[in-house]
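Architecture and fold: a report
Now for the letters of each chain:
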Amino acid sequence: MQTIKLSNGLEMPLLGYGVFLVTPDECERCVTDALSVGYRLIDTAQAYANEEGVGNAMAKSGIPRSEIFLTTKVWISSAGEEKAARSIDESLRKLRTDYIDLLLIHQAYGDVFGTWRAMEKAYREGKVRAIGVSNFQQARFFDFAHFVDVKPMVNQLQ
């Protein structure tokens, strides 16, 4: 599997399986199938309401956690430092894991700087191995990246 090295040295697979629009009822089966055919990057989000299905599939797969690259995203309703910190812990619980490989701010709305501070803290504590943003347009990304301590390692665009 081809990978790319993020700015902090973490290797991320270039090809992954995303569960956007996969219902919570179907998510566990779909991720189980994806893992069984060789996918090792799974992309979910708080807003997809299917993190538990991803966590269940990973736990039942028999694949060591270290071999699965897990991405999730903090949604707008969890924006701000305190809410984001709670949502990160909730994602960890739902995903049945001690760490998230890549955590992203899902959209460039709300208190993105407060959300980012919570993500930086989770990164420093080892709850998250890499942090970044999703759906930030060029000007917003440029402005944002100049005013944070840990620079975004990914800008995931649809």
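Anything mentioned here points back to the structure above.
The paragraphs below set out a description of the structure included in this document. (Residues numbered from 1 in each chain as written. Predicted model: local features only at pLDDT ≥ 70, side-chain atom pairs only at ≥ 80, totals over all residues. Heavy atoms only, no water.)

A tally of regular secondary structure across the protein gives five helices and eight strands. Sequence-ordered secondary structure for the protein, helices as α and strands as β, is β-β-β-α-β-α-β-α-β-α-β-α-β. Over its C-alpha trace the protein gives a radius of gyration of 15 Å, about what one expects of a compact globule, namely 15 Å for 158 residues. Taken over the C-alpha atoms alone, the protein extends approximately 40 × 30 × 30 Å along its principal axes. The buried share of the protein, reckoned over its 158 residues, is 47%. When the accessible area of the protein is evaluated, it comes to approximately 8,100 Å², of which 51% is carbon and sulfur surface. Here the protein contributes 18 positive and 20 negative side-chain charges, whose respective centroids are spaced 1 Å apart. (Helix = DSSP H or I, 4+ residues; strand = E, 2+ residues; numbered from the N terminus. Rg over C-alpha atoms; globule rule 2.2 N^0.38 Å. Buried < 20%, exposed > 50% of the residue type's maximum accessible area, 1.4 Å probe, protein only. Areas by Shrake-Rupley, 256 points an atom, 1.4 Å probe, with all protein chains shown as cover. Lys, Arg positive; Asp, Glu negative; His and termini not counted. Charge placed at Lys NZ, Arg CZ, Asp CG, Glu CD.)

Another aspect to go through is the pattern of salt bridges. Inspection of every chain in the model, using the stated rule, returns 14 salt bridges. A salt bridge links Asp-33 to Arg-29; its shortest N-O distance comes to 3.3 Å. With Asp-33 and Arg-29 both in helix 1 (residues 24-36), this residue pair falls four residues apart, about one helical turn. Accessibility expressed as a relative area gives 38% for Asp-33, which makes it partly exposed. With a closest N to O distance of 2.4 Å, Asp-43 and Lys-73 form a salt bridge. Residue Asp-43 is found in strand 4 (residues 41-43), and its partner Lys-73 is found in strand 5 (residues 69-74); the two are separated by 30 residues along the sequence. For Asp-43, a relative accessible area of 10% corresponds to the buried category. What makes Lys-73 buried here is its relative accessible area of 1%. Salt bridges linked by common partners bring Asp-89, Lys-121, Glu-125 and Lys-127 together as one network. (Salt bridge = Lys/Arg side-chain N within 4 Å of Asp/Glu carboxyl O.)

Here we come to the environment of Pro-152. Relative to the helices and strands, Pro-152 is located in the loop between helix 5 (138-145) and strand 8 (155-156). Separated by 117 residues in the primary sequence, Pro-152 and Leu-35 place their C-alpha atoms 28 Å from one another. Ignoring anything within four residues of it in the chain, the contact list for Pro-152 reads Trp-116, Ile-131, Gly-132, Phe-141, Phe-144 and Ala-145. (Contact = heavy atoms within 4.5 Å.)

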